[in-house]
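Breakdown of the fold
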There are 2 protein chains.
Amino acid sequence: MRSAVSDPVVSDKDFGIWEGEVAAPLPERFDASLYYIGRIRTPWKERKDCPKNARGSQEICTLELDPRWAEALRNVETCTHLVLLYWMDRSRRDLVLQVPRTYGKQCGTFSLRSPARPNPIAMSVVKLVGIEGTGLKVVGLDCLDGTPLLDIKPYFASTDAIPDAQVGWHADRNGIKTR
Amino acid sequence: MRSAVSDPVVSDKDFGIWEGEVAAPLPERFDASLYYIGRIRTPWKERKDCPKNARGSQEICTLELDPRWAEALRNVETCTHLVLLYWMDRSRRDLVLQVPRTYGKQCGTFSLRSPARPNPIAMSVVKLVGIEGTGLKVVGLDCLDGTPLLDIKPYFASTDAIPDAQVGWHADRNGIKTR
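Let me sum up the structure you'll find in this document. (Residues numbered from 1 in each chain as written. Chains lettered and ligands numbered in written order. Predicted model: local features only at pLDDT ≥ 70, side-chain atom pairs only at ≥ 80, totals over all residues. Heavy atoms only, no water.)

Moving on: the nonpolar core. Counting 36 residues, the largest nonpolar core has Phe110 of chain A together with Leu63, Leu82, Leu84, Leu141 and Ile152 of chain B as its most contacted members. Elements supplying a minimum of two residues to this core: strand 7 (95-98) of chain A together with strand 5 (60-65), strand 6 (81-87), strand 9 (121-132), strand 10 (135-139) and strand 11 (147-154) of chain B. Excluding residues within four positions of it along the chain, Leu84 of chain B makes contact with Leu63, Ala122, Met123, Ser124, Val126, Val138, Leu141, Asp151 and Ile152 of chain B. Grouped together as the second largest cluster of nonpolar side chains are 35 residues, Cys61, Leu144 and Ile152 of chain A together with Cys107 of chain B included. (Core = buried A, V, L, I, M, F, W, Y, C linked by side-chain atoms within 4.5 Å. Buried < 20%, exposed > 50% of the residue type's maximum accessible area, 1.4 Å probe, protein only. Helix = DSSP H or I, 4+ residues; strand = E, 2+ residues; numbered from the N terminus. Contact = heavy atoms within 4.5 Å.)

The structure is reproduced here in structure tokens:
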């Protein structure tokens, strides 16, 4: 475990490391590999332009699916909501402790939705608003334009919706007392 | 696009192809790579033993996290529920149309939660019931023992819970009329 502050790979302020953040040495080899199945088109060209919270965004974004997978869309049009997995290809993968700017304290990477994580796969639940060929119009994303798409899944409320779930450290940060 | 029925790579009935299923040629190269961050310990050694529906399972399973990532667990204990991403490493990646056995009709891969998909990343929402060191006890999984773990995320009800979401083809299958 080396200090993140002295990490020599820091290169830019958007994707670099902040004071108080800590990195771990990465494994020597990868274990599995991914195909990009398409790209996500959004209005946001730089990280600073992205919405702070996907729920706050009502922008319609477009999933451009590789035509190779066109047949795999059958019945997707019957879903009101989808789970999207996508690849945050510009993120660091070695951070174990991060300091959210709006919180100011160290949090473990697995207690955060930050794109910086060992496998920078983001998960978002989106509302499906239309399909034209291999283009899907969705609402609820906050990622950069051109982000690689990894997967599309139907959202099942029966297993995926837990309305009373709590993230204690985040609620406490907002002054809400939890366990 | 070739017919799946004549696909020569079919090798076993658990992970092979079924009548009516269709495969697409896979891309020639991969685009990104993954680290396994741990393993999931469950009671199920073979696919036939796995629960049909994760909601139906109250078994406690254990996430065995690689100690390299131990610090990344800070604050995870304050979460009631987690999003897990894991790698269905025994699944076909070329199916575009599949025939769920309980449905009997062709469905597009992206309208299904089947492990067979271009990137066989499963997503499950689980209840966190305890943490001991780098072992996390969770409820809500239905995967095979030894499944590679890819990511742990906090579940935020504000963005992840959509209780009224519908999967039309699935509801219709159960006799519920939807759009």
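So, on to the packing of aromatic side chains. In total, this model carries four aromatic pairs over all chains according to the counting rule given. On the basis of an interplanar angle of 25 degrees and a centroid distance of 4.6 Å, the ring pair of Phe30 of chain A and Tyr35 of chain B is categorised as stacked. One end of the pair, Phe30 of chain A, is in the loop between strand 2 (22-23) and strand 3 (32-34); the other, Tyr35 of chain B, is in the loop between strand 3 (32-34) and strand 4 (38-41), on a second chain. Judged by its relative accessible area of 40%, Phe30 of chain A falls in the partly exposed class. On the accessibility criterion, Tyr35 of chain B (6% relative accessible area) is buried. Judged by centre distance (4.9 Å) and plane angle (50 degrees), the ring pair of Tyr103 of chain B and Trp169 of chain B falls under tilted. One end of the pair, Tyr103 of chain B, is in the loop between strand 7 (95-98) and strand 8 (107-108); the other, Trp169 of chain B, is in helix 2 (residues 168-173), and 66 residues separate them in sequence. (Phe/Tyr/Trp six-rings, centres within 6.5 Å; stacked < 30°, edge-to-face > 60°.)

All names here are of chain A. With respect to burial, strand 6 (residues 81-87) is a largely interior element, seven of its seven residues being buried. The alternating pattern of strand 6 places His81, Val83, Leu85 and Trp87 on one face and Leu82, Leu84 and Tyr86 on the opposite face, and all of these are buried. Both strand 6 and strand 9 (residues 121-132) contribute to a ladder of seven bridges, which runs antiparallel. If you follow Trp87 over to strand 9, its bridge partner there is Ile121. Where strand 6 meets strand 11 (residues 147-154), five bridges bridge the pair, whose relative direction is antiparallel. Residue Leu85 lies in a different strand from strand 11, and its bridge partner there is Asp151. (Pairing = 2+ DSSP bridges.)

For the rest of this paragraph, the subject is the environment of Gly135 of chain A. All names here are of chain A. By secondary structure assignment, the location of Gly135 is in strand 10 (residues 135-139). For Gly135, a relative accessible area of 18% gives the class buried. In this structure, the C-alpha to C-alpha distance between Gly135 and Glu19, residues 116 residues apart in sequence, is 41 Å. Setting aside anything within four residues of it in sequence, one finds Gly135 in contact with Thr62, Leu63 and Gly130.

Looking now at the relation of the copies chain B and chain A. Each of the two chain copies can be brought onto the other by rotation about an axis and movement along it. Screw-axis analysis of chain B against chain A gives a translation of 0.0 Å along the axis, an RMSD of 0.0 Å, and a rotation angle of 180 degrees. Interpreted geometrically, this transformation is the action of a two-fold axis. A share of 100% of interface residues in chain B that are also interface residues in chain A marks the association as one of identical surfaces. (Least-squares fit on C-alpha atoms with pLDDT ≥ 70 in both.)

Applying the stated criterion across every chain, the model contains 20 salt bridges over all chains. The salt bridge involving Asp49 of chain B is made with Lys48 of chain B; its shortest N-O contact spans 3.2 Å. Among the residues examined, Asp49 of chain B registers a relative accessible area of 36% and is labelled partly exposed. Among the ionic pairs, Arg68 of chain B bridges to Asp66 of chain B, the shortest N-O distance being 3.7 Å. Under the relative-accessibility criterion, Asp66 of chain B is labelled partly exposed at 26%. Among the charged side chains, a salt-bridge network with shared partners connects Arg41, Lys45, Glu64 and Asp145 of chain A. (Salt bridge = Lys/Arg side-chain N within 4 Å of Asp/Glu carboxyl O.)

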